[in-house]
Amino acid sequence: MDIAICGEKIVEKVDERKARTIDASGMIVMPGGVDIHCHIAGAEVNSGRLLRPEDHRKDVEAKTSLTRSGVGYSIPSTFTTGYRYARMGYTTIMNPSMPPLEARHTHEELDDTPMLDKASYPLLGDWWFVLEYLRDGRIKECAAYVAWMMKATKGYAIKIVNPGGLEAWGFGRNVGSIDDSVPNFGTTPREIIRGLCKVNTLLNLPHTIHVHTNNLGKPGNYATTLETMDCVKDLASANEPIIHITHCQFSAYKGSDWRTMESGAAEIANYVNKHNHVTLDLGQVIFTDTTTMTADGPFQFGLYQLTGNKWVNHDVETETTSGIVPFRYKRKSAVHATQWSIGLELALLVEDPWRIYLTTDHPNAGPFTAYPKIIAWLMSRKARAKMVKRISRRARRKSLLPSIDREYNFFDIATVTRAGQAKALGLTWKGHLGVGADADVAVYDVNPEQVDPSKKHKSVRKAFKASAYTVKGGEIVAKDGKIVKPVYGRTYWADVQLSSPFEVTEHLKRRFREYWTVEYENYLIPEDFLHASAPIPIQAEA
Ligand SMILES: [Zn+2]
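All of these numbers come straight from a predicted model, not from anything done at the bench.

**Considerations on the sheet that holds strand 17 (residues 320-328)**
- Taken in spatial order, the three strands make up an open sheet running 15-17-16, and their pairing is antiparallel. The open sheet has two edge strands with one neighbour each: strand 15 (289-294) and strand 16 (312-316). With strand direction ignored, the average angle separating the axes of adjacent strands in the sheet is 15°.
- As judged from the six bridges shared by strand 15 and strand 17, these two strands associate in the antiparallel manner.

**Comments concerning the packing of aromatic side chains**
- Here the structure, examined in full by the defined rule, presents 27 aromatic pairs.
- With centroids separated by 6.4 Å and ring planes inclined at 35°, the aromatic side chains of Phe 301 and Tyr 304 adopt a geometry described as tilted. With Phe 301 and Tyr 304 both in helix 11 (residues 297-307) and three residues apart, this pair spans about one turn of that helix.
- When the ring of Phe 512 is compared with that of Trp 516, the centres are 5.0 Å apart and the planes differ by 65°; the resulting orientation is edge-to-face.
- Here Phe 512 falls in the buried class, since its relative accessible area comes to 4%.
- An aromatic cluster is present here, built from Trp 127, Trp 128, Phe 129, Tyr 133, Tyr 145, Trp 148, Phe 185, Phe 512, Tyr 515, Trp 516, Tyr 520 and Tyr 523 joined pairwise through their rings.

**Some points on the pairing of strand 7 (residues 90-98)**
- Across the nine residues that make up strand 7, a large majority, nine, are buried.
- Here strand 4 (residues 33-35) runs beside strand 7; their pairing, made up of three bridges, is parallel. Its bridge partner being in strand 7, Gly 33 is matched across the sheet by Tyr 90.
- Taken together, the five bridges between strand 7 and strand 8 (residues 117-122) define a ladder with parallel strand orientation.

**With respect to helix 4 (residues 103-111)**
- Of the residues making up helix 4, those classed as buried are Ala 103, Thr 106, His 107, Glu 109, Leu 110 and Asp 111.
- Looking at the buried positions of helix 4, the neighbouring elements they touch are helix 1 (43-51), helix 3 (78-87), strand 7, strand 8, helix 6 (139-153) and strand 23 (491-497).

**A few points about the pairing of strand 20 (residues 469-472)**
- Taking every second residue as pointing to the same face, both faces of strand 20 are buried, with Tyr 469 and Val 471 on one and Thr 470 and Lys 472 on the other.
- As judged from the three bridges shared by strand 19 (residues 441-444) and strand 20, these two strands associate in the antiparallel manner. If you follow Ala 442 over to strand 20, its bridge partner there is Thr 470.
- Bridge analysis of strand 20 against strand 21 (residues 475-479) gives four bridges, and the strand direction is antiparallel. Looking at the pairing, Val 471 lines up with Ile 476 of strand 21.

**A word on the side chain of Thr 470**
- Relative to the helices and strands, Thr 470 is located in strand 20.
- Among the polar contacts listed, one links the side chain of Thr 470 to the backbone oxygen of Ala 86, at a separation of 2.7 Å.
- Not counting residues up to four positions away in its chain, the partners in contact with Thr 470 are Ala 86, Gly 89, Tyr 90, Thr 91, Val 441, Glu 475, Ile 476, Val 477 and Ala 478.

**Description of helix 6**
- Look at helix 6: 21 Å from first C-alpha to last across 15 residues, which is about the 21 Å you get at 1.5 Å a residue.
- Most of helix 6 is tucked away: 12 of the 15 residues are buried.
- For helix 6, every residue scored as buried is listed here: Ile 139, Cys 142, Ala 143, Ala 144, Tyr 145, Val 146, Ala 147, Trp 148, Met 149, Met 150, Ala 152 and Thr 153.
- Phi turns positive one or two residues past the end of helix 6, at Lys 154, with a value near 55°.

**A few points about the pattern of salt bridges**
- With the rule as written, the count across this model stands at 32 salt bridges.
- Salt-bridge contacts for Lys 472 lead to Asp 117; the nearest nitrogen and oxygen are separated by 3.0 Å. Of the two residues, Lys 472 sits in strand 20 while Asp 117 sits in strand 8, which places them 355 residues apart along the sequence. The same class applies to Lys 472 as to Asp 117, namely buried.

**Overview of the environment of Phe 299**
- Residue position: Phe 299 is located in helix 11.
- For the pair Phe 299 and Ile 324, spaced 25 residues apart in sequence, the C-alpha to C-alpha distance is 9.9 Å.
- Beyond its immediate stretch of four places on either side in the chain, Phe 299 contacts Leu 216, Gly 217 and Thr 294.

**So, unusual backbone geometry**
- A cis amide bond links His 362 with the next residue in sequence, Pro 363, at an omega value of -5°.
- With respect to the secondary-structure elements, Pro 363 resides in the loop between strand 18 (356-357) and helix 13 (371-379).
- A positive phi angle, near 55°, is found at Lys 154, a position not held by glycine.
- Checked against the element boundaries, Lys 154 lands in the loop between helix 6 and strand 9 (159-161).
- Overall, Lys 154 belongs to the buried group, its relative accessible area being 5%.
- Unusually for a residue other than glycine, Asn 162 sits at a positive phi of about 40°.
- By the secondary structure assignment, Asn 162 is in the loop between strand 9 and helix 7 (165-169).
- Judged by relative accessible area, Asn 162 falls into the buried class, the value being 1%.

Reading the values: the criteria
- Residues numbered from 1 in each chain as written.
- Predicted model: local features only at pLDDT ≥ 70, side-chain atom pairs only at ≥ 80, totals over all residues.
- Heavy atoms only, no water.
- Pairing = 2+ DSSP bridges.
- Helix = DSSP H or I, 4+ residues; strand = E, 2+ residues; numbered from the N terminus.
- Axes fitted to C-alpha atoms, helices over the stretch in contact; angles between N-to-C directions.
- Phe/Tyr/Trp six-rings, centres within 6.5 Å; stacked < 30°, edge-to-face > 60°.
- Buried < 20%, exposed > 50% of the residue type's maximum accessible area, 1.4 Å probe, protein only.
- Contact = heavy atoms within 4.5 Å.
- Polar contact = N/O pair within 3.5 Å; in protein donor to acceptor, adjacent residues only side chain to side chain.
- Expected span 1.5 Å × (residues − 1).
- Salt bridge = Lys/Arg side-chain N within 4 Å of Asp/Glu carboxyl O.

Shown next, in the form of structure tokens:
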């Protein structure tokens with residue numbers, strides 16, 4: 001069918017004689033890609049760039065008459081990041097871990113990243129105000145603070161990383177289960193997750209709570225993940241998801257140590273298939289040299305001890321922590337190959353593609369530029385079998401992949417790379433090509449009537465690597481994998497309206513004076529600080 005575009009939107013009809021036409025016959029047309037979780041901007045990402053000159057040297061992009069030069073394989077510079085997403089047909093990304101104290105830097109870098117609409121998730125799971133209010137069971141007050149925080153930092157969703165564990169890491173400790181006590185606060189990870197889940201519902205935020213589980217990256221952690229999903233089950237109404245488990249691959253391990261580590265994907269998928277309140281994204285491992293970075297400081301310390309690689313450890317003034325360690329995933333490592341297998345197992349065992357999304361937790365499990373490779377694995381048993389043959393023998397023996405026949409079709413791919421992600425994010429004007437949607441379109445040069453992706457996985461991979469056309473906001477921005485028009489996207493943020501507006505207390509201001517190096521006045525990001533501010537007005541129930 002024909003798709004008509006007028007201005008920045010998809011419309012019912014246009015005057016064909018006056019319109020410019022793209023002939024997409026024999027090609028696949030999808031909405032612009034949406035990435036629910038990729039670390040592309042902010043203090044953490046920039047520290048990663050500083051840590052790794054070798055990552056820049058090996059991957060250089062020259063300037064053209066239209067585009068700027070750039071560097072970086074796993075942590076590309078801002079312009080290069082925007083171009084590379086646009087070349088793959090992506091038009092919207094979510095930057096998932098923003099310490100509120102570093103919101104200014106994050107937005108500066110996001111504004112420097114062309115071609116994409118974007119939003120950020122402030123890290124709130126270990127924020128002192130949250131911990132205090134949840135300890136005292138004051139959900140409504142906590143909600144008011146979170147609403148204020150979204151406005152103050154121009155944030156979009158509640159990010160929770162290793163709840164309680166980051167506060168403990170300030171004292172060189174961690175939590176080991178969702179019922180451990182958080183030092184100095186006496187609350188528990190379970191209370192933090194449940195409390196912020198209630199806050200999320202009270203505020204009517206467009207996305208669910210976005211959770212990086214406790215014990216991430218540790219053998220045996222699939223049990224913690226099951227408990228985490230289950231601990232909010234009773235808070236769900238109808239069929240709506242209320243929790244998103246991010247980069248679930250890293251939280252789906254069985255075994256008691258690295259020698260006995262194996263896949264817990266079947267158990268997790270089984271739970272997700274039986275419960276509607278959960279969504280997941282993959283965190284698919286790619287065999288390559290990359291850079292891991294997360295707010296999970298204690299996890300990164302463990303990774304540093306495991307690898308002996310260079311390491312950044314950072315404490316964001318009591319708000320959150322962070323760590324960075326370069327990492328190479330090797331085919332012949334039993335653990336890495338098992339991680340690789342787990343990601344694909346999750347994608348293939350979770351039955352509903354609307355509840356599992358394709359990510360690499362860029363750059364943690366691999367750079368986002370590897371998405372076409374993952375698409376090929378999902379669509380082709382043959383492509384998977386080829387890789388299974390090349391991995392460590394121990395991992396191969398335990399892998400569930402040879403027993404899984406399922407192959408994604410192009411509809412499934414459209415769902416896990418844009419439609420499902422847009423839906424989970426509450427971006428109702430993204431992820432589809434209906435009238436009223438944003439005119440963000442990706443055209444891929446592969447004919448679904450002639451190409452069997454199961455056999456021709458290489459053609460599929462090639463097509464998704466470089467879109468024939470990427471249209472952003474009604475303009476052709478990339479053609480045949482080349483940028484033809486640099487554009488700037490919007491920054492979405494949650495503009496929550498409360499029935500009784502939140503008042504900034506003297507208590508809050510005093511905390512700024514006593515504890516933080518950033519003054520209260522500088523903490524707030526004014527709207528005109530953003531290149532293109534796009535507030536999402538939300539009426540809270542509180
Ligand atoms: Zn992440």
